[in-house]
Amino acid sequence: MTDVSSMGPQQGDERPVLTNRQGHPVYDNQNQRTVGARGPATLENYQFLEKISHFDRERIPERVVHARGVTAYGYFEAYGKLGDEPISRYTRAKLFQEAGKRTDLAIRFSTVIGGRDSSEAARDPRGFAVKFYTEDGNWDLVGNNLAVFFIRDAIKFPDVIHSLKPDPVTFRQEPGRIFDFMSQTPESMHMLVNLFSPRGIPADYRHQQGFGVNTYKWVNQQGETHLVKYHWMPKQGVRSMTAEDAAAVQARELGHATRDLHEAIDRGDFPEWELLVQIMSDDEHPELDFDPLDDTKVWPENDFPALPVGRMVLDRNVANNFAENEQISFGTGVLVDGLDFSDDKMLVGRTFSYSDTQRYRVGPNYLQLPVNQAKNAEVRTNQRDGLMTYHVDGAGENPHVNYEPSITGGLREGQYPTHDEQGPVVSGRLTRKRIPRTNDYKQAGQRYLLMEQWERDDLVLNLVTMLSQASRPVQERMVWHFLLVEDELGGRVGEGLGIGPEDVAHLEPLASQDLTEEDRERLSNLG
Ligand code: HEM
């Protein structure tokens, strides 16, 4: 017989008693149930099986990109204006209307390529995803710390990410693979000039900018639309690291940026960003030398000033990393009334991808989780069942009616705030074509020329270090591209690799690219 006198709480221990998930008190958490002290174990060992099988499932698939990240909470406070004008002229989105109006939010900062426990000092874009819990439901603004992206059509996303992820054989991030892909993708040049500059390794999450990157729309009460780009500017200032700084940080710890954010919030040093928007009329803008729907381009601030519309303050850390950081789910499809998509070909692909991966990664009922719920709006759907359902939406007066329309109760359709027609008329033939005005090099060159000398030196050093590990044909093509970006950049990277302009003058333009007059002129000077 077991001696029960040695089990259970010590006299005077007032702590709550451990239970299993069925609510059964646990009397022995040290020993399985066995036949005799030396076993064998019995199969009806419910307490043990529940504990171990839950543990076996503790990990969900990590995000395919942006696996490592940190979540925090705070609020957005609107200014109620866009420049000198009332903001209602451009958008009817409620969160922006009144000066001083606050909206709860959650934010997740992340790196992109590494796994869930990888280094936060890696050269990598940083994710900057904000979930606004508005009274009209959730709005997710899923951005990055760099203003542009590698590609302009979502169909290329799996390829660009495969090239950046570890080699499927060696499981090492291979510069040769990265630049093999990039050398065949001239639209990536603007991003590469940013990523390999010091901006490619932000000092931490508090000292970085955020950008919506893709072009969205704003819709006003009359159904008029404008194109918009979003920017977050840190009140803390922008700080970056060189590769050398980053190596020193990484030698000490892998999660310095997560720690920095946690500690700042814990000590009441709440980080703050201002939200600014650039705005354009909703048309093709033939006067520009780029397409406003192209996410490899920035909109020149002289012509399209960035105007402040509100500020964000982060004042609370998560209580549990898994529930709130691992399971939080953002998506570009998550917009509220007054905000809309543009026809940006990245945006449409992204909008499918996020909720698709979350139904797989977190489960079909991921929107029932507290961190993902539209907690400041009422949610009433006729969606039922599926894995892990724990909540049945309020079905109106008659719980039998989980369909619509019905004359016996249930839910009804709402009414459009104004009408359902908005924006310009769109027409065209079905096709698979590049957008006109790809202009892959000009803004990359302008970015290079805007850099201070030390930033240019760092960019060249980083590119030469990486490209030295690529094959000669890939190096040559990259030097060719950089010469089209800016003579000095191409010249210096070429010099570092022992490749002169005359060595690449024979290369033909890629079949997948369009050149501008200026590009052709630069090409004719190579030989
Ligand atoms: C995360 C797809 C481009 C920013 C993700 C995830 C996917 C994805 C599948 C994982 C989501 C999850 O597991 O919850 C795509 C596709 C893109 C694209 C298909 C292009 C067509 C971009 C761009 C940006 C961006 C251009 C920046 C503007 C982010 C961020 C996250 C993320 C910040 C992490 C969100 C979080 O913290 O949970 N993306 N992405 N992505 N993506 Fe993208």
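Conventions used here
- Residues numbered from 1 in each chain as written.
- Predicted model: local features only at pLDDT ≥ 70, side-chain atom pairs only at ≥ 80, totals over all residues.
- Helix = DSSP H or I, 4+ residues; strand = E, 2+ residues; numbered from the N terminus.
- Contact = placed C-beta atoms within 7 Å.
- UniProt positions renumbered as here; feature names shortened; annotations may be inferred.
- Expected span 1.5 Å × (residues − 1).
- Buried ≥ 20, exposed ≤ 12 C-beta atoms within 10 Å, placed from the backbone.
- Axes fitted to C-alpha atoms, helices over the stretch in contact; angles between N-to-C directions.
- Parallel < 35°, antiparallel > 145°, perpendicular 65-115°, else oblique.
- Left-handed = near helix turned anticlockwise from the far one by under 90°.
- Near = placed C-beta within 6 Å.
- Nonpolar A, V, L, I, M, F, W, Y, C, P; charged D, E, K, R; others polar.
- Core = buried A, V, L, I, M, F, W, Y, C linked by C-beta atoms within 7 Å.

**Quick notes on the environment of I178**
Here's step 1: Within the secondary structure, I178 sits in helix α3 (residues 175-183).
Here's step 2: Along the sequence, I178 and M451 sit 273 residues apart, while their C-alpha atoms lie 24 Å from each other.
Here's step 3: Not counting the four nearest positions on each side in its chain, I178 is found in contact with S163 and L164.

**So, the UniProt feature "binding site: heme" (unreviewed entry) in the protein**
Here's step 1: UniProt annotation of "binding site: heme" (unreviewed entry) refers to Y354 when read in the numbering used here.
Here's step 2: Of note, Y354 is situated in helix α8 (residues 345-361).
Here's step 3: If we skip the residues at most four places from it in the chain, Y354 touches F330, G331, T332 and G333.

**As for helix α11 (residues 472-485)**
What sets the pattern is the α-helix's 3.6 residues per turn: residues three or four places apart point alike.
Here's step 1: Across its 14 residues, α11 extends 20 Å between first and last C-alpha, which sits within 8% of the 20 Å expected from 1.5 Å per residue.
Here's step 2: Within α11, 11 of the 14 residues are buried, leaving the element largely enclosed by the surrounding structure.
Here's step 3: Within the span of α11, buried status applies to V474, Q475, R477, M478, V479, W480, H481, F482, L483, L484 and V485.

**Here we look at the packing of helix α10 (residues 453-467) against helix α12 (residues 487-497)**
Helices that pack against each other are described as a pair by the angle of their axes relative to one another and the distance between those axes.
Here's step 1: Running from N to C, α10 and α12 cross one another at 40 degrees; their axes reach a closest spacing of 9 Å. When the axes of α10 and α12 are compared, the pair comes out oblique. In this structure, α10 crosses over α12, and the sense of that crossing is right-handed. Here V460, L463, V464 and L467 of α10 come into contact with α12, specifically with R492, V493, G496 and L497.

**A few points about helix α9 (residues 442-450)**
Here's step 1: Within the span of α9, buried status applies to Q443, A444, G445, R447 and Y448.
Here's step 2: In this structure, the buried residues of α9 make contact with α4 (189-195), α10, α11 and α12.

**Considering the site of the ligand**
Here's step 1: Lining the immediate surroundings of the ligand are 29 residues, of which H66, R108, G127, A154 and V213 lie closest.
Here's step 2: Among the secondary structure elements, those contributing two or more residues to the shell around the ligand are β4 (102-111), β5 (126-134), β6 (137-144) and α8.
Here's step 3: With eight residues, α8 is the largest single contributor of residues to the shell around the ligand.
Here's step 4: Split by residue class, the shell around the ligand holds 13 nonpolar, 11 polar and five charged.

**Notes on the nonpolar core**
Soluble, globular proteins show a tendency: their nonpolar side chains are buried together.
Here's step 1: Counting residues in hydrophobic clusters, the biggest one holds 89 residues, and the most contacted among them are L105, I107, V193, V479 and V485.
Here's step 2: Apart from residues no more than four positions distant in its own chain, V193 is found in contact with A444, R447, Y448, L459 and V485.
Here's step 3: If you look at the next biggest cluster of nonpolar residues, it comprises five residues, including A121, I201, M241 and A246.

**With respect to unusual backbone geometry**
Here's step 1: Of the consecutive residues G39 and P40, the connecting peptide bond is found in the cis state with omega at 5 degrees.
Here's step 2: Along the chain, P40 falls in the segment before α1 (46-56).
Here's step 3: With an omega of 10 degrees, the peptide bond running from E404 to P405 counts as cis.
Here's step 4: Looking at the secondary structure, you find P405 in the loop between α8 and α9.
Here's step 5: A positive phi angle, near 65 degrees, is found at M388, a position not held by glycine.

**Structural notes on the environment of A147**
Here's step 1: Note on placement: A147 falls in the loop between β6 and α2 (157-164).
Here's step 2: For A147, a count of 24 C-beta atoms within 10 Å translates into the label buried.
Here's step 3: Excluding anything up to four places from it in sequence, A147 contacts F211, V213 and V298.

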